[in-house]
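The lines below spell out each chain.
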Amino acid sequence: MTTNATAPKTLGKVRPHQTQNEALVFEKSSPGKRAYKMPPLDVPAVDAAALLGDAHRKTPGLLPELSEIEIIRHFTRLSTWNYAIDLGMYPLGSCTMKYNPRVNEAVARIEGLAEAHPYRPDSLAQGILDVIDLLQRCLIEITGMDAITLQPAAGAHGEFTGILLVRAWHESQGNARRKILIPDSAHGTNPATAAICGYTVENLKSNSEGGIDLEALTRQVDEETAALMLTNPSTIGVFESQIHKIADILHAKGALLYMDGANMNALVGKARPGDFGVDVMHLNLHKTFSTPHGGGGPGSGPVACKAFLEPFLPTPVLCKTGNREQGTGNRDQGTGNRQGLGTEGPGTAGQLHWIYDRPQSVGRVRAFYGNTGMFIRALAYILANGPDGLRQTTEDAVLNANYIRAKLEDLYELPYKTASMHEVVFSDKRQAAKGVKTGDIAKRLIDYGFHPYTVSFPMIVHGALMIEPTESESLEELDLFIEAMRAIAREVDETPDLVKTAPHSTRVSRLDEVQAARKPILRWRPTE
Ligand SMILES: *Cc1c(COP(=O)(O)O)cnc(C)c1O
């Protein structure tokens, strides 16, 4: 078999480091090399061409040919180029890159859970349904809401689902309404969600503390306002202290309050959105509840809502037979028509089962029931911590962010002086005066062994440095980070070019970001 014998064998990226001296897998290929050995054929050979007809390909695919150790080394070397939470601090603001406890992984790999087939009849899936039910009840308790769906696969997907509920409810009242209000301190996914759900986005200006201007809100809410989408704590890490009043202003005009709860890491165990007037919200299990993200795993963005929105939740919903009051957190809507492949009868008392007959539902938003593996991890995290542990987690996350704030605010400009929650946002104002931008400082941080913070976001802070340490970090690690940030501030004064040309310790230095965005080269092609 001939394949890419013409592939270049040049190793054009040689650097004096063994794991950085790595070619593409295609460049390493040699015709005929194999990583496996098959036993001799002991059945009659089949003529593939005769069997497949036109579907039989004439030229083999250009696949790399390598030995087993070459493959192992190749991927192991590549893996050492990645930065990961298991390697060091990941202070990426607005992302809550916390440690993913190993116990989560152990539980998620239990065979009966990991291999539960989604078409298994409910009667034979009571274990995994119990996990889903318990997680739902925990999240309802944590948020103070009445009902929940675990289907959405990410935060933005949760927003989409939540706003579909808002739209369906308004429609049931006779008018879907036209616009959604979004503060300028919102996460970028909020306006995108409103637009994709068919709403006009109206911008709401923040006041000097970074909160909602109540007078502006009162002026802007009208009978065409479907909802306000509020990120709380906001993207500048500030808790919206007037949230009760905001809810009242909206409700007086028949509008709803949507809370982007991706930042619940600052609230869990301390305050419940359901208690301060929120009608519907999403959570990010892959942030607050420690399931891996950022390339480490799929997300999960459950949507919790008040009882009046419950009939609109995506199908199916989980219910407990013969327990109409307190089924699974979600109110039981009766058994109705089930579409599962189950063969059991109407249900044994106390058994969990999915309900599909929900005439007002917005429909499915995800295949099956959501990213179940994430449910198991999130539940493991919640149960391992317990109520007191979760509260401690929140307090530590807020303490860590404020420790960094206190140790850096003499060197980096703090645009909003309001108390920080789980993250702190500086600006590069002082460094920019020397020609060094937030992006340069972030790249220099890589040389000190840290993942960059979030750069140039939120947009209301010019040249933002958004830092979220999470509760995972020890005092020692925080001090190392602070030392690095202080050292960089000194370099900006003394050797600004060193910062402007960073990073200096990585395999590739600065990329041409414009080229990378406009002309990405995403696949290898053989050169003739
Ligand atoms: C991360 C985040 C989102 C989006 O979540 P994804 O899971 O990335 O879709 C939305 N809002 C806020 C405030 C966030 O921090």
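*Asks:* Before we move on, can you summarise the site of the ligand with the specific residues and values?
*Replies:* Around the ligand, a shell composed of 14 residues is seen, among which G155, A156, D260, H286 and K287 lie nearest. In this structure, D260 approaches the ligand through a side-chain N or O atom, which is 2.5 Å from a nitrogen atom. A distance of 2.6 Å separates an oxygen atom of the ligand from a polar side-chain atom of H286. In isolation the ligand offers 380 Å² of accessible surface; the protein chains occlude 84% of this area. Only α6 (155-172) and α10 (285-288) provide two or more residues apiece to the shell around the ligand.

*Asks:* Quick one: what's the story with the environment of R525, residue by residue and with numbers?
*Replies:* With respect to the helices, strands and loops of the structure, R525 is situated in the segment after α16 (513-518). A relative accessible area of 55% means that R525 is categorised as exposed. Note: C-alpha distance between R525 and L62 (463 residues apart in sequence) is 9.2 Å.

*Asks:* Requested: an account of the packing of aromatic side chains, with residues and values cited.
*Replies:* Going through the model one piece at a time under the given rule, you end up with ten aromatic pairs. Where W354 meets Y369, the ring centres are 4.3 Å apart and the plane angle is 0°; that geometry is what we call stacked. On the criterion of sequence distance, the pair formed by W354 in strand β9 (residues 352-355) and Y369 in the loop between β9 and α11 (372-408) is long-range, its members being 15 residues apart. Overall, W354 belongs to the buried group, its relative accessible area being 4%. By relative accessible area, which is 14% here, Y369 ends up buried. Taking 6.1 Å as the distance between ring centres and 55° as the angle between the ring planes, the aromatic pair formed by F368 and Y369 counts as tilted. In textbook terms, an aromatic cluster arises when at least three aromatic residues are bridged by ring pairs, as seen for Y119, W354, F368 and Y369. The ring of Y199 carries the charged tip of R167 above its face, separated from the ring centre by 4.5 Å.

*Asks:* Any chance you could break down the sheet that holds strand β1 (residues 147-149) for me, citing the residues and the numbers?
*Replies:* One open sheet holds the seven strands; their spatial order is β1-β7-β6-β5-β4-β2-β3, and the pairing between them is mixed. If you trace the sheet from one side to the other, it starts and ends with β1 and β3 (200-204), each paired once. On average, adjacent strands in this sheet sit at an angle of 25° to one another, irrespective of strand direction. Relative to β3, strand β2 (residues 179-183) runs parallel, the two being bridged by five bridges. Bridged to I182 within β3 is N203.

*Asks:* A description of the side chain of E471 should follow, citing residues and the corresponding values.
*Replies:* Turning to its location among the elements, E471 is positioned in the loop between β12 (464-467) and α14 (475-494). For E471, the side chain forms a polar contact with the side chain of N265, separated by 3.1 Å. If sequence neighbours within four positions are ignored, E471 has contacts with K98, N265, Y381, T393, D396, A397 and N400.

*Asks:* Explain the sheet that holds strand β11 (residues 454-455) to me, using residue names and the numbers behind them.
*Replies:* Across the sheet, three strands lie side by side as β10-β12-β11; this open sheet has antiparallel pairing. This sheet does not close on itself; its edge strands, each paired only once, are β10 (424-427) and β11. As defined by bridge partners, β11 adjoins β12 across two bridges and the pair is classed as antiparallel. Its bridge partner lying in β12, V455 is registered against L465. The strands touched by α11 are β10 and β12; relative to β10, the strand with the most contacts, the crossing angle is about 25°.

*Asks:* Can you lay out the packing of helix α13 (residues 438-447) against α14 for me, pointing to particular residues and giving the numbers?
*Replies:* Direction vectors running N to C along α13 and α14 enclose 125°, while the axes themselves pass 10 Å from each other. Judged on the interaxial angle alone, α14 and α13 are oblique. For α13 against α14, the interelement crossing comes out right-handed. Contact with α13, carried on its side by I441, R444 and L445, involves F481, A484, M485, I488 and E491 of α14 and no other residues of that element. Of the residues that constitute the contact of α13 with α14, the class distribution is six nonpolar, no polar and two charged.

*Asks:* Requested: an account of the environment of G274, with residues and values cited.
*Replies:* Examined against the element boundaries, G274 turns out to sit in the loop between β5 (256-261) and β6 (280-283). Looking at G274, the relative accessible area reads 13%, which means it is buried. Considering only alpha carbons, one finds G274 and G127, 147 residues apart in sequence, at a separation of 29 Å. Look past the residues within four positions of G274 in its chain and what remains in contact with it is T143, G144, M145 and K306.

*Asks:* Break down the pattern of salt bridges for me, citing the residues and quoting the values.
*Replies:* Close approach of charged atoms lets side chains of opposite charge pair. Summed over the entire model, instances satisfying the criterion amount to 24 salt bridges. Between R444 and E491 there is a salt bridge; the shortest N-O distance is 2.8 Å. Here the residue R444 occupies a position in helix α13, and E491 occupies one in helix α14, the gap between them amounting to 47 residues. One salt-bridge network, held together by shared partners, links E22, K28 and R77.

Reading the values: the criteria
Residues numbered from 1 in each chain as written. Predicted model: local features only at pLDDT ≥ 70, side-chain atom pairs only at ≥ 80, totals over all residues. Heavy atoms only, no water. Near = heavy atom within 4 Å. Polar contact = N/O pair within 3.5 Å; in protein donor to acceptor, adjacent residues only side chain to side chain. Areas by Shrake-Rupley, 256 points an atom, 1.4 Å probe, with all protein chains shown as cover. Helix = DSSP H or I, 4+ residues; strand = E, 2+ residues; numbered from the N terminus. Buried < 20%, exposed > 50% of the residue type's maximum accessible area, 1.4 Å probe, protein only. Phe/Tyr/Trp six-rings, centres within 6.5 Å; stacked < 30°, edge-to-face > 60°. Lys NZ or Arg CZ within 6 Å of the ring centre and 35° of its normal. Pairing = 2+ DSSP bridges. Axes fitted to C-alpha atoms, helices over the stretch in contact; angles between N-to-C directions. Contact = heavy atoms within 4.5 Å. Parallel < 35°, antiparallel > 145°, perpendicular 65-115°, else oblique. Left-handed = near helix turned anticlockwise from the far one by under 90°. Nonpolar A, V, L, I, M, F, W, Y, C, P; charged D, E, K, R; others polar. Salt bridge = Lys/Arg side-chain N within 4 Å of Asp/Glu carboxyl O.

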